[in-house]
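Residue-level structural notes
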Amino acid sequence: MKIKTLLAGTGIALALATGAFAQDPTKVGFIYVGPVGDGGWTYEHDQARLAVEAEFSDAVETFYVESVPEGPDAERVITQMALQGADLIFTTSFGFMDATVNVAERFPDVKFEHATGYKTADNVSAYNARFYEGRAIQGHIAGQMTESNIIGYIGSYPIPEVIQGINSAFLHAREVNPDVEFRIIWAYTWFDPAKEAEAASVLIEQGADVILQHTDSTAPQAAAQAAGNVITFGQASDMAEFAPFPRVSSIIDDWAPYYIERTQAVIDGTWESSNVWHGIPEGMVGIGEITDAVPAEIKASAEVMIEAIRAGEYHPFTGPINYQDGSVWLEEGDVADDETLLGMNFFVEGLAGDIPQ
Amino acid sequence: MIRLEKRTAPSQFWTYAAPVLAVLLTMICGGLLFAALGNDPLITIRTIFWDPLFSEFSWYYRPQLLIKGAPLVLIAIGLSFGFRAGVWNIGAEGQYILGAICGAAVGLAFYPTESVFILPLMIMAGALGGWAWAMIPGLLRVKFGTNEILVSLMLVYVAQQLLASMALGAMRNPDGMGFPGSRNLARYPSATSWINEGAGLHWGVVFAFVAVIFAYITLSRHIFGYHVRLSGQSPRAARFAGVNPGLLVLVCMGIAGALAGLAGLFEVAGPSGLISIDFNAGYGFTAIIVAFLGRLHPIGILLAAGLMALTYIGGDIAQSNLRLPAAAIQVLQGMLLFFLLAVDVLTHYRVRIGTRKLA
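Please read these numbers as outputs of a predicted model, since none were measured by experiment.

The subject of this paragraph is the overall build of chain B. When helices and strands are tallied, chain B shows 15 helices and four strands. Per-residue burial for chain B yields a buried fraction of 51% across its 359 residues. Counted over contacts in chain B with a minimum sequence separation of 6, partners at least 24 positions apart contribute 79%.

Here it is, written out as structure tokens:
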């Protein structure tokens, strides 16, 4: 009896002691628009989540919900994470914007980070990457590699981020090849391998020998591989399993440094609402290895462009650039301002077709 | 040897017991699946089926069940009429989208005027939009004998393109900095379908319950309900009983379309708030499962919609709490329909063990 009481007493004391010493881990939640195995966009966000776990080990606990539809369901899932005691929540798709802001109103003590949107609040930050910098490199390589002079482009949704990419890739392809043409297909999805593969096949049938994609799966890479003479670029993730051919380079989103920085800020209590737009210079946009399928001189000039962007010497939207109708957008030497880019809803001169309205 | 012997009449007992058995089998096999994935099956099943109702945060999840269930009930009730009569409307998703577009158009046209007449007008427009979209496959079947399964399904994709075009063009929020998506109707007092957001109560929930009662009375007490049942069981007998088959197709399609349109309107003016490119979240397709899970019976549909809503909400909780992959939840939902269809054999057949004795 005595021993039992003693043991129980020790047990309680031990529980109290460890309870007092072990700090509650900071809980970080992630909402993904696709499955973590998409090999592209969501995969990279999940890699960054794992990087956060590795960085802080026991001090941070992460959790996620994948394949969340952009609509009313998103609001429920975000609320549920906040109820579970998340201290910081990353919502990683444009379509989660309104849901994030709504939930944030009801949970003023929880910090929210929304990717690729424009709405912020006291406890909501926005963050995005300047993907168009990577698109400039793609256009530069693609314009010189194409033999049919037709470049196929799989667009997701006609939103500014995607239009920036198309314009940037086109400007830099035209710069090195005045005969190049773009064919654009809008897939109206971020992740749908069947639809993406079909779009790629249609573009290839139309004579495209370069496929650029702004969707998240590797299906277009596989379609190009099957066609045999078509090159591609990895999107959001390196997609290295398709290197060295058809994938000749890639845009890699590296969210890890940002996620680690923001998690640290929450732990330190120094988190403040912000709106960042980082690119190649900050390392948020990376360019995957340019393979040997690209001739050495093209590779060299692409690397010069990467370095110029990294050093802040070159902006992909530097005038003279005209609107599609031929009127002047940027005069010689002028650089596009961020506000115009963030709301970009027009094509530049030379691109055929209209943005769906 | 196990043999199946056709029953002379469907078993009363198994009609009601089959869905319950299907749910139990789903839980058992789902549990095995979760165990294979390295999760504790009991905790997982409890998280999905129990936590939304009785856990610490059930005060938040219970209203969510209403929000998630209401559109399913509305659409499934509408579909049940046609399914009973052998009219296969697979395109409720498209009718749902059109209802949302038409209803939202009325609301946006009045912005920012405040008036008590705006929401009723939107409701009418929503029902009308869904109805008109359902009339296309309906009329094509009646006039030209086309297959309504194909036509209604294909019209879903047309509706999705229309939705995208609205979100990007005609209905785009002028204050939205060029981003796609309309103004938020949930923030427009005269147009919102919310009655009490915290309680999960919007007019769609009210209409869903009204639809259940209305359908119950129609199917059990009204001559139209009798005609619907008769047409499904025996089209020839129905003709002798004076049923006009063409008219029946149109009425069944019309009811389904109008109710799906209403569901879309209430969703766009409340939980969703805005017309966006991917506004539709698959309610129109899930409702087909709900209709069959509920035995095409109004009360059954109510229960089935509740169960489906539970697996969605519980599934999301399981994902974030237990790190269960999203696909595992989808497999669980698929199992539910699979087992229901499998167990249904017992309703129409008797299982005999041993060889048949010849007299």
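There's plenty left to go through after this.
Time to look at the overall build of chain A. Regarding its fold elements, chain A presents eleven helices and 14 strands. Its C-alpha atoms put chain A at 90 × 40 × 40 Å along the principal axes.

Look at helix α3 (residues 72–83) of chain A: 17 Å from first C-alpha to last across twelve residues, which is about the 16 Å you get at 1.5 Å a residue. The buried fraction of α3 of chain A amounts to ten of the twelve residues, a majority that puts the element mostly inside the structure. Here α3 of chain A has its buried residues at Pro72, Asp73, Ala74, Glu75, Arg76, Val77, Ile78, Gln80, Met81 and Ala82 of chain A. Buried-residue contacts for α3 of chain A involve β1 (26–31), β2 (60–65), β3 (88–91) and α4 (97–106) of chain A together with α4 (58–85) and α13 (298–322) of chain B. Just downstream of α3 of chain A, Gly85 of chain A is the residue with a positive phi angle, here 95 degrees.

Residues and elements named next belong to chain A. Across the sheet, which stays open at both edges, the six strands sit in the order β2-β1-β3-β4-β5-β11 with parallel pairing between neighbours. Both edges of this open sheet fall to β2 and β11 (275–278), since each of them pairs with a single strand only. For this sheet, the mean inter-axis angle between neighbouring strands, taken without regard to orientation, is 15 degrees. Two elements, β1 and β2, share six bridges in a ladder whose sense is parallel.

On to the interface of chain A and chain B. Taken together, the contact pairs 31 residues of chain A with 28 residues of chain B. Elements supplying a minimum of two residues to the side of chain A that touches chain B: β2 and α3 of chain A. Counting residues per element, the side of chain A that touches chain B draws most heavily on α3 of chain A, at eight residues.

All names here are of chain B. Compared with an ideal rise of 1.5 Å per residue, which puts 28 residues at 40 Å, α4 spans 39 Å between its outermost C-alpha atoms and is within 8% of the ideal. Along α4, the sharpest kink reaches roughly 35 degrees, centred on Gly69 and followed within four residues by the proline Pro71. Within two residues after α4, Gly86 carries a phi angle of roughly 80 degrees, on the positive side.

One finds Val73, Leu74, Ile75, Ala76, Leu259 and Ile275 of chain B to be the most contacted residues of the largest nonpolar core, which totals 210 residues. Residue assignment places this core across two domains, with domain 1 (23–128 + 255–278) and domain 2 (131–253 + 284–342) of chain A each supplying three or more.

All names here are of chain A. In terms of domain boundaries, chain A breaks down into domain 1 (23–128 + 255–278) and domain 2 (131–253 + 284–342). Of the residues lining the interface, 17 residues belong to domain 1; the matching set on domain 2 comes to 15 residues. Contributing elements (two or more residues each) for the side of domain 1 that touches domain 2: α2 (41–56) and β11. A per-element tally of the side of domain 1 that touches domain 2 places α2 first, with four residues. The residue makeup of the side of domain 1 that touches domain 2, split by class, is eight nonpolar, seven polar and two charged.

Turning our eyes to something else, we now look at the packing of α13 of chain B against helix α14 (residues 326–343) of chain B. Residue and element names in this part refer to chain B. Contact geometry for α13 and α14: axes closest at 9 Å, N-to-C directions at 150 degrees. The angle between α13 and α14 places the two elements in the roughly antiparallel class. For the pair α13 and α14, the crossing hand works out as right-handed. Note on element contacts: α14 touches α13 through Ala326, Ile329, Leu332 and Gln333, opposite Thr311, Gly315, Ala318 and Gln319.

Attention now goes to the packing of helix α7 (residues 193–205) of chain A against helix α8 (residues 219–227) of chain A. How two helices sit against one another is set out by the angle between their axes and by the gap between those axes. Residues and elements named next belong to chain A. Where α7 meets α8, the axes come as close as 8 Å, and the angle between the chain directions of the two elements is 40 degrees. In terms of orientation, α7 lies oblique with respect to α8. The element α7 and its partner α8 pack so that their crossing is right-handed. Counting all contacts with α7, which are made through Pro193, Glu196, Ala197, Ala200, Ser201 and Ile204, the residues of α8 involved are Ala219, Pro220, Ala222, Ala223, Ala224 and Ala227. Split by residue class, the contact of α7 with α8 holds ten nonpolar, one polar and one charged.

Bringing the confidence of the model for chain A into the picture now. The predicted model of chain A has a mean per-residue pLDDT of 90, with 93% of residues at 70 or higher. Here residues 1–22 of chain A is modelled with pLDDT under 50, and outside its nearest four sequence neighbours on either side it reaches zero contacts, counting other chains as well.

A few words on the sheet that holds strand β9 (residues 231–234) of chain A. Residue and element names in this part refer to chain A. The six strands are arranged β7-β6-β8-β9-β10-β12 in an open sheet whose pairing can be described as mixed. A single partner strand is all that each edge strand has here, and the edge strands are β7 (181–186) and β12 (285–288). Adjacent strand axes in the sheet meet at a mean angle of 20 degrees when their direction is disregarded.

Scoring rules and cut-offs
- Residues numbered from 1 in each chain as written.
- Chains lettered and ligands numbered in written order.
- Predicted model: local features only at pLDDT ≥ 70, side-chain atom pairs only at ≥ 80, totals over all residues.
- Helix = DSSP H or I, 4+ residues; strand = E, 2+ residues; numbered from the N terminus.
- Buried ≥ 20, exposed ≤ 12 C-beta atoms within 10 Å, placed from the backbone.
- Contact = placed C-beta atoms within 7 Å.
- Expected span 1.5 Å × (residues − 1).
- Pairing = 2+ DSSP bridges.
- Axes fitted to C-alpha atoms, helices over the stretch in contact; angles between N-to-C directions.
- Bend = angle between axes of the 7 residues up to and from the residue.
- Core = buried A, V, L, I, M, F, W, Y, C linked by C-beta atoms within 7 Å.
- Domains from an automatic or database assignment.
- Nonpolar A, V, L, I, M, F, W, Y, C, P; charged D, E, K, R; others polar.
- Parallel < 35°, antiparallel > 145°, perpendicular 65-115°, else oblique.
- Left-handed = near helix turned anticlockwise from the far one by under 90°.
- pLDDT = per-residue confidence, 0-100.

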